[in-house]
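Secondary and tertiary structure notes
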Amino acid sequence: MTCRWKNLRVDTMIHVLFDQKGGTYADTIVRVDGGILTGDSYALVDYLGVVPDDDDGYYPAFKDLREMLLQHWIGLFTDDAKEIFMIYDLSDQYIATLYFEAFTFKGRGGYYYVSKKWTKDFTAWSITRDVSHAELSAANWETDDPYYQPRMITRKNILYGLRWSLKNLQINSNEVVI
């Protein structure tokens, strides 16, 4: 795919923060080019496929789960996928994703349009990070009106923002066992 808009900015950034005191509802904060999105992470253990420790029955600390989520997201951008679903909102009624669609700009790859989408085809309890790309693509995705106009971002900026988010989490978090 080639660029559809002539005047898009290429300096869009993504940063992810986690509300340390807000529980697991609206605690995942995703900043995309000045826009703020929030998501629930109360089903994060299930999404990541984490099982309790055999010795004490405890799950990993929330900080560790969030690190696993950020590492998973970073891993989504390591190849040349044409579309990527970065699921950030795990609700019991729907899921929401940042949807990335690859395109070439001036003959070069590594560019994506990013928009927010959601679907009721999956819920927090019916999806894991191992759901296939084909299953995600086949879902009935709706585009949120405020994010209908896609933003353009480079893979380099995506990875920079996600790695910054990982470093920020490692520096600024309190461990809480769930």
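Refer to the structure above for everything that follows.
Residues numbered from 1 in each chain as written. Predicted model: local features only at pLDDT ≥ 70, side-chain atom pairs only at ≥ 80, totals over all residues. Heavy atoms only, no water.

This brings us to the pairing of strand S4 (residues 83-90). Among the eight residues of S4, eight are classified as buried, and the element is accordingly described as predominantly covered. Where S4 meets strand S5 (residues 95-105), seven bridges bridge the pair, whose relative direction is antiparallel. Within S5, the residue paired with Met86 across the bridge is Leu98. Two successive antiparallel strands, S4 and S5, enclose a turn made up of four residues. (Buried < 20%, exposed > 50% of the residue type's maximum accessible area, 1.4 Å probe, protein only. Helix = DSSP H or I, 4+ residues; strand = E, 2+ residues; numbered from the N terminus. Pairing = 2+ DSSP bridges.)

Relative to the helices and strands, Glu83 is located in strand S4. Polar contacts involving the side chain of Glu83 include one to the side chain of Tyr99, which spans 2.5 Å. Among the polar contacts listed, one links the side chain of Glu83 to the side chain of Ser137, at a separation of 2.3 Å. (Polar contact = N/O pair within 3.5 Å; in protein donor to acceptor, adjacent residues only side chain to side chain.)

Here the focus is the packing of aromatic side chains. The final tally for this structure, using the stated rule, is eleven aromatic pairs. Relative to Phe100, the ring of Phe77 lies with its centre 4.9 Å away and its plane at 90°, an arrangement referred to as edge-to-face. On the criterion of sequence distance, the pair formed by Phe77 in the loop between helix H2 (62-76) and S4 and Phe100 in strand S5 is long-range, its members being 23 residues apart. An aromatic cluster of at least three residues, connected via ring pairs, comprises Phe103, Phe105, Tyr111 and Tyr113. Stacked on the ring of Phe62, the Lys or Arg Arg66 has its end atom at 4.2 Å from the ring centre. Positioned over the ring face of Tyr99 is Lys117, at 4.5 Å from the centre of the ring. (Phe/Tyr/Trp six-rings, centres within 6.5 Å; stacked < 30°, edge-to-face > 60°. Lys NZ or Arg CZ within 6 Å of the ring centre and 35° of its normal.)

Time to look at the pattern of salt bridges. Following the criterion strictly, the structure yields two salt bridges and no others. Residue Arg66 pairs with Asp27 through a salt bridge whose shortest N-O separation is 2.8 Å. In this pair, Arg66 is assigned in helix H2 and Asp27 in the loop between strand S1 (14-18) and strand S2 (28-32), connecting sequence segments 39 residues apart. Where Lys63 meets Glu67, a salt bridge forms, and the shortest distance between an N and an O atom there is 3.5 Å. Of this pair, Lys63 and Glu67 are both found in helix H2, four residues apart, which corresponds to roughly one turn of the helix. (Salt bridge = Lys/Arg side-chain N within 4 Å of Asp/Glu carboxyl O.)

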